[in-house]
Structures are given as structure tokens and as C-alpha cells.
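Descriptive analysis of the structure
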Amino acid sequence: MKTKNYIFVLFIAFICTMCNSSKKEDKAVIEKSATIEKESEHKILSPADSLKLVNHQIEIKGEVEFPLQLSVDSLRKMKVATISNFKITSKSGEIKKDDKTSKGVLLKDILEKAKIIQKGHKDRNFYIVAKASDGYMATFSWAEIFNNPTGENTYILFEENGKPVKNGEMILICKNDIKTGSRHVYWLKSIEVYRVH
Ligand SMILES: Nc1nc2c(c(=O)[nH]1)N[C@H]1C(S)=C(S)[C@@H](COP(=O)(O)O)O[C@H]1N2
Ligand SMILES: [Mo]
């Protein structure tokens, strides 16, 4: 009887150790993926390396009649809007930036200037990609810009709180997104328009 109890206790102890070690492994895996995530979200660049990512002009290209190269000066000559209290929120909801006022031009106005090549009124399946020089991208659809309130909420900014924007000279934003971080593109390099095939 005593040995039976002893074996039983040993057995329970063994099970407990197994449970604990697998929990520890799970925890290690979670911690590791969190580190990878953090690293990819906050690459620390030297001032020299981040300067290399700055573009003085952005290109509007792809399926457009008039490809454009726009600088902050050319944006200033267009219809400039003042945006107030714009917050950048990350995936987790954390507020990354809080702009009291910023200045920019509607992406819609810029695309109207470049004129998307449409072969008829049903030819409206285009996607518009805002690309940055570090490889970051955000995508819009033709309908979002031209047949949806998002068109009145998507801007290319060149000024934040009375100062030139940081991280490049122009930033694309979409004010009505739920988490505004994902379609907030700094180091903006190009706006590319492609037809869906
Ligand atoms: N060019 C570029 N723009 C970007 C990113 C990036 O890595 N590169 N990160 C995006 C993400 S995931 C968020 S939440 C916001 C704020 O990011 P930050 O923490 O790098 O400022 O910017 C967005 N714009
Ligand atoms: Mo993010």
C-alpha cells in the first residue's frame, strides 16, 4: 500500500514538472516573438542612415497620363488643408504621435492632377500604393479615394505643428482609419497606380 502511494505521489510530481516546463517553453516562445516584433517596429538607425531614406521629391507613377514629381514646394502651390488633432495609433492602440495641427494636400487632388488612365466608366479597378524608401507600404483602392469618405481623409502632409515633418519631407496619412499607424507612411517615395488584372 505504501509503495503504491509513493509511486502515485511520484507520478503527480512528474506530471507537474512536465506542465511547468512546457509553460516555460511557451513563455520563451512568446517572449522571443515579442522581441522580433519590437525590433522590426523600432529599427534604430544612425542619423546618417536615416538621412539616406529622405526623398526631396515623391513620384506619382503607374497608370497615369501625367507622371509627376512633387516636392514640398509644389504641394504648397496646391490646395493646402490644415488638419487638427491627428493622432497616430499603433496596432495595439498606443498613441505614437499627436499632431495639434498639420498641413497637407489631398491624395485625391494629386491623383486628379496626374489623371488615372481610365478606358471607360467601368474601368475603375485600380490600387494605389504609397511606398517609402525603407520598403514600408500602404494600399488604397480607387473606390476608397474617389467614391468614399476616405478620399476626403487621405493626405500627403509636409508640415506638423508648424515644422517640416520628421522622417523624410512628406508623409501620407489616412485620418479616418481606425488604427492610423498602418497607413501612415513616412519617408514617402512614391504613389503608384496599378490596374487590377
Ligand atoms: N516608412 C515607414 N513608415 C511607417 C513605418 C515604417 O516602418 N516605415 N511604421 C508604421 C507603423 S507600424 C506605425 S505604428 C507608425 C508609427 O511608427 P513609429 O513607431 O515608427 O513612429 O508609422 C508607420 N509608418
Ligand atoms: Mo504599427
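Note that this is a predicted model, so its numbers are computed, not measured. (Residues numbered from 1 in each chain as written. Chains lettered and ligands numbered in written order. Predicted model: local features only at pLDDT ≥ 70, side-chain atom pairs only at ≥ 80, totals over all residues. Heavy atoms only, no water.)

Here we come to the sheet that holds strand β5 (residues 126-132). Here five strands make up an open sheet; going across it, the order is β2-β1-β10-β5-β6 and the pairing mixed. Across the chains shown, the open sheet's two edge strands, defined by having one partner strand only, are β2 (68-70) and β6 (137-141). Neighbour-to-neighbour, the strand axes of the sheet open up by a mean angle of 15°, direction not taken into account. Pairing of β5 with strand β10 (residues 188-195), which is carried by seven bridges, proceeds in the antiparallel orientation. Note that in β10 the partner of valine 129 across the bridge is glutamate 192. Packing against the sheet, helix α4 (residues 107-114) makes contact with β1 (58-62), β2, β5 and β10, and its axis sits at approximately 140° to β2. (Pairing = 2+ DSSP bridges. Helix = DSSP H or I, 4+ residues; strand = E, 2+ residues; numbered from the N terminus. Axes fitted to C-alpha atoms, helices over the stretch in contact; angles between N-to-C directions. Contact = heavy atoms within 4.5 Å.)

Summarising the sheet, strand β3 (residues 81-89) and strand β4 (residues 95-106) pair through eight bridges and their orientation is antiparallel. When the bridges of β4 are listed, serine 84 appears paired with threonine 101. Where β3 folds back on β4, the antiparallel hairpin that results is connected by five residues, among which glycine 93 adopts a positive phi of roughly 95°.

Another aspect to go through is α4. Residues of α4 that are buried: Leu107, Lys108, Ile110, Leu111 and Ala114. What you see down the axis of α4 is that its buried residues fit within an arc of 160°, all on one side. Among the residues trailing α4, lysine 115 stands out with phi positive, at a value near 60°. (Buried < 20%, exposed > 50% of the residue type's maximum accessible area, 1.4 Å probe, protein only. Arc of directions from axis to C-beta.)

A separate point is the site of ligand 1. Around ligand 1 there are ten residues in total, and Lys96, Asp134, Gly181, His184 and Tyr186 lie nearest to it. The contact in question runs from an oxygen atom of ligand 1 to an N or O atom on the side chain of tyrosine 186, over 2.7 Å. Considering ligand 1 on its own, with 510 Å² of exposed area, one finds that the protein chains cover 81% of that surface. Among the residues forming the shell around ligand 1, the class breakdown is four nonpolar, four polar and two charged. (Near = heavy atom within 4 Å. Polar contact = N/O pair within 3.5 Å; in protein donor to acceptor, adjacent residues only side chain to side chain. Areas by Shrake-Rupley, 256 points an atom, 1.4 Å probe, with all protein chains shown as cover. Nonpolar A, V, L, I, M, F, W, Y, C, P; charged D, E, K, R; others polar.)

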